[in-house]
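Coordinate analysis (summary)
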Amino acid sequence: MTQTSENVTWLTQEAYNKLKAELEHLTGPARAEISAKIAAAREEGDLRENGGYHAAKEEQGKQELRVRQLTQLLENAKVGEAPAADGAVAPGMVVTIAFDGDEDDTLTFLLASREYASSDIETYSPQSPLGTGVIGHKVGDDAEYELPNGKKALVKILKAEPYES
């Protein structure tokens with residue numbers, strides 16, 4: 001799925017196509033829509049007290065930021081295969097861990113960049129403390145990562161399977 005090493009982000013072909021389609025929409029039809037909203041709001045008169053105009057301009061700013069993010073991401077993307085289902089933790093995997101080896105205290109998450117974040121599953125970046133702590137470990141291994149307060153936390157890898165969107 002994704003793995004950032006320096007400025008390169010690894011994507012599956014499916015993920016690349018999805019992000020490319022989003023970029024095309026934002027630079028085409030979505031740009032035309034926001035321009036029309038701004039023009040319509042501008043015709044309403046005094047721009048200082050025109051809530052519709054200011055909302056449309058804010059929406060335009062957010063949209064243009066996303067266009068820049070996607071452009072940069074896709075320029076630095078390398079298309080590759082999804083990770084192997086060999087039980088080793090890698091970006092693009094759904095990982096289940098047990099905190100302090102307690103199998104009643106578990107967390108299941110997708111190890112991927114934020115482009116994959118969804119409401120279906122919690123997503124952790126490979127560069128996060130938890131992500132860097134578990135990458136490379138296999139099912140059954142213990143892994144350690146640093147908490148924000150500087151203390152260490154121990155987790156046991158219970159499952160690691162490729163993510164299927």
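Described below are features of the structure shown in this document. Not measured: the values here are computed from a predicted model.

Below, the discussion takes up the overall build of the chain. Along its length, the chain carries four helices and eight strands. Counting over 165 residues, the chain shows a buried share of 34%. Taking all contacts inside the chain whose residues are at least 6 apart in sequence as the whole, residues at least 24 apart take part in 51%. Split by element, the accessible area of the chain, about 9900 Å² in all, is 48% carbon and sulfur.

Take the pattern of salt bridges next. Under the counting rule described, the total for this entry stands at five salt bridges. Among the salt bridges present, the one from Arg 66 reaches Glu 22, with a minimum N-O distance of 2.9 Å. Residue Arg 66 is located in helix 3 (residues 51–75), and its partner Glu 22 is located in helix 1 (residues 13–27); the two are separated by 44 residues in the primary sequence. For Glu 22, a relative accessible area of 30% translates into the label partly exposed. For Glu 58, the salt bridge identified is with Lys 62, shortest N-O distance 3.4 Å. In this pair, Glu 58 and Lys 62 both sit in helix 3, four residues apart, roughly one turn of the helix. Judged by its relative accessible area of 55%, Lys 62 is exposed.

Core analysis: the largest hydrophobic core is formed by 15 residues, its most contacted members being Val 89, Val 95, Ile 97, Phe 109, Leu 130, Val 134 and Ile 157. Mapped onto this core, the elements with two or more residues apiece are strand 4 (93–99), strand 5 (106–111), helix 4 (129–134), strand 7 (142–146) and strand 8 (152–162). Sorting elements by how many residues they give to this core places strand 8 first, with four residues. Apart from residues no more than four positions distant in its own chain, Ile 97 is found in contact with Asp 105, Thr 106, Leu 107, Phe 109, Leu 130, Val 134, Val 155, Lys 156, Ile 157 and Leu 158. Within the second largest apolar cluster, 11 residues are counted, among which are Leu 23, Leu 73, Leu 74 and Ala 77.

As paired elements, strand 4 and strand 8 share seven bridges and run antiparallel to each other. If you follow Val 94 over to strand 8, its bridge partner there is Glu 161. Of the strand pairs in this sheet, strand 7 and strand 8 are connected by five bridges, and their pairing is antiparallel. Residue pairing in the sheet places Asp 142 in a bridge with Lys 156 of strand 8.

This part takes up helix 1. If you check helix 1, its first and last C-alpha atoms are 21 Å apart, about what 15 residues at 1.5 Å a residue would give, namely 21 Å. Turning to helix 1, its buried residues are Ala 15, Leu 19, Leu 23 and Leu 26. Within helix 1, the buried residues cover an arc of 70° as seen down the axis, which keeps them to one side.

Calculation rules
Residues numbered from 1 in each chain as written. Predicted model: local features only at pLDDT ≥ 70, side-chain atom pairs only at ≥ 80, totals over all residues. Heavy atoms only, no water. Helix = DSSP H or I, 4+ residues; strand = E, 2+ residues; numbered from the N terminus. Buried < 20%, exposed > 50% of the residue type's maximum accessible area, 1.4 Å probe, protein only. Contact = heavy atoms within 4.5 Å. Areas by Shrake-Rupley, 256 points an atom, 1.4 Å probe, with all protein chains shown as cover. Salt bridge = Lys/Arg side-chain N within 4 Å of Asp/Glu carboxyl O. Core = buried A, V, L, I, M, F, W, Y, C linked by side-chain atoms within 4.5 Å. Pairing = 2+ DSSP bridges. Expected span 1.5 Å × (residues − 1). Arc of directions from axis to C-beta.

Scope: geometric values only; no functional claims are made or implied.
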